[in-house]
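Spelled out from the first residue to the last, the chains are:
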Amino acid sequence: MALYPENYLRELKVLLGKARVSVVSNPHNGPLHARVKELLGAGINVCLGQDDISDAYYPFGRNNMLEVAFLASHLLWMTKKSEFETLYDMITTRAATAINLERYGLGLGCAANLVVLEQADVTEALRFHSPPSIVISHGRVVDTDRMRELAQTAIGD
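Below is a summary of the structure that appears in this document. Numbering of residues starts from 1 in each chain and follows the order in which that chain's sequence is written. Where totals are concerned, whole chains, interfaces and linings use all residues; where local detail is concerned, this predicted model gives features only for residues with pLDDT of at least 70, and gives and counts side-chain atom pairs only at 80 or more. Where side-chain values are given, they derive from all heavy atoms of the structure, hydrogens and water being excluded.

1. As for the pattern of salt bridges
For this document, the term salt bridge refers to a Lys or Arg side-chain nitrogen within 4 Å of an Asp or Glu carboxyl oxygen. Using the criterion set out here, one finds 7 salt bridges in the structure. With a closest N to O distance of 2.2 Å, Glu-6 and Arg-35 form a salt bridge. Taken together, the positions of Glu-6 in helix H1 (residues 6–19) and Arg-35 in the loop between strand S1 (23–25) and helix H2 (36–41) put the pair 29 residues apart, joining distant regions of the chain. Working definition: with a 1.4 Å probe on protein chains only, accessible area under 20% of the residue-type maximum means buried, over 50% means exposed, and in between means partly exposed. We classify Glu-6 as partly exposed; its relative accessible area is 43%. Overall, Arg-35 belongs to the buried group, its relative accessible area being 13%. Shared partners join several salt bridges into a network, and the residues in it are Glu-6, Arg-35 and Glu-38. Helix and strand assignments come from DSSP, with helices taken as H or I runs of at least 4 residues and strands as E runs of at least 2, each series counted from the N terminus.

2. Details of the side chain of Asn-26
Note that Asn-26 resides in the loop between S1 and H2. Think of a polar contact as two N or O atoms within 3.5 Å of one another; within protein, one of them needs to be a possible hydrogen donor and the other a possible acceptor, and neighboring residues in sequence only count if both atoms come from side chains. Within the structure, Asn-26 has its side chain in polar contact with the side chain of Asp-51 (distance 2.7 Å). Any two residues whose heavy atoms approach within 4.5 Å at even a single point are treated as in contact. Not counting the four nearest positions on each side in its chain, Asn-26 is found in contact with His-33, Gly-49, Gln-50 and Asp-51.

3. Details of the environment of Arg-62
Structurally, the position occupied by Arg-62 is in the loop between strand S2 (46–48) and helix H3 (65–75). Here Arg-62 falls in the partly exposed class, since its relative accessible area comes to 49%. C-alpha of Arg-62 to C-alpha of Asp-52: the two residues are 10 residues apart in sequence and 8.7 Å apart in space. Non-local contacts of Arg-62, meaning those with residues more than four positions away in its chain, are made with Gln-50, Ile-53, Glu-67 and His-129.

4. Focus on the nonpolar core
Throughout, nonpolar core names a set of buried Ala, Val, Leu, Ile, Met, Phe, Trp, Tyr and Cys residues whose side chains join them through atoms within 4.5 Å. Val-36, Val-46, Leu-48 and Leu-87 are the most contacted members of the largest nonpolar core, which totals 23 residues. Residue assignment for this core shows that the elements contributing at least two residues are H1, H2, S2, H3, helix H4 (81–90) and helix H6 (122–128). Residue contributions to this core peak at 4 residues, all from H3. Beyond its immediate sequence surroundings of up to four residues, Val-36 is in contact with Ser-25, Val-46, Leu-76, Met-78 and Met-90.

5. Things to note about the packing of aromatic side chains
The aromatic pairing rule takes the rings of Phe, Tyr and Trp, using the six-membered ring of Trp, and pairs them if the centres are within 6.5 Å, calling planes under 30 degrees apart stacked, those over 60 edge-to-face and the rest tilted. If you walk through the whole model with that rule in mind, you get 1 aromatic pair. Considering the side-chain rings of Tyr-4 and Tyr-8, the 5.0 Å spacing of their centres and the 90° angle between planes classify their relative orientation as edge-to-face. Taking the relative accessible area as the measure of exposure, Tyr-4 reaches 33% and is therefore partly exposed.

6. Focus on the sheet that holds strand S4 (residues 134–137)
If you trace the 3 strands from one edge of the open sheet to the other, you get S3-S4-S5, paired in antiparallel fashion. Since the sheet does not close on itself, it has two edges, and those belong to strand S3 (114–116) and strand S5 (140–141), each with one partner. Pairing of S3 with S4 involves 3 bridges; the strand directions are antiparallel. If you follow Leu-114 over to S4, its bridge partner there is Ile-136. DSSP bridges decide pairing: two strands pair if at least two such bridges lie between them.

7. A few points about the pairing of S4
Bridge count for S4 against S5 is 2 bridges, and the pairing is antiparallel. The residue bridging Ser-137 from the neighbouring strand is Arg-140, located in S5. In this antiparallel pair of consecutive strands, S4 and S5, the connection spans 2 residues, and His-138 shows a positive phi of 55°.

Written out as structure tokens, the structure reads:
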């Protein structure tokens, strides 16, 4: 999409908007990306993804969406505080919208799935992209140490 001519991109934005199609940009897979800022400006839902996690195509993927947003901030020149908030939304609320996830968020009646970070704000979360201190899935705290242990066992098989 980075190389689309302007007239084609204009038409595409209209079609994406009418069809309510979301766009996923994957900053790990090279320098050519969706024209994120232009799509956001046109009201298109854009989120970030990572489809290569420690595989033959991209051996460095760590399944860390904060890291994905951190990389996107550099590649897409999104380095203002307001853009950090947008990047964070692109790995949370906008991603949930893209997959039509119901009852998503921190409101009454939402599913009890959340990640607790140690950082005080979005800027710090993107700066350090540390693993979460607590993960809650379906209302239960996930034993992340056990999950890491199982992942290592699977790698060794």
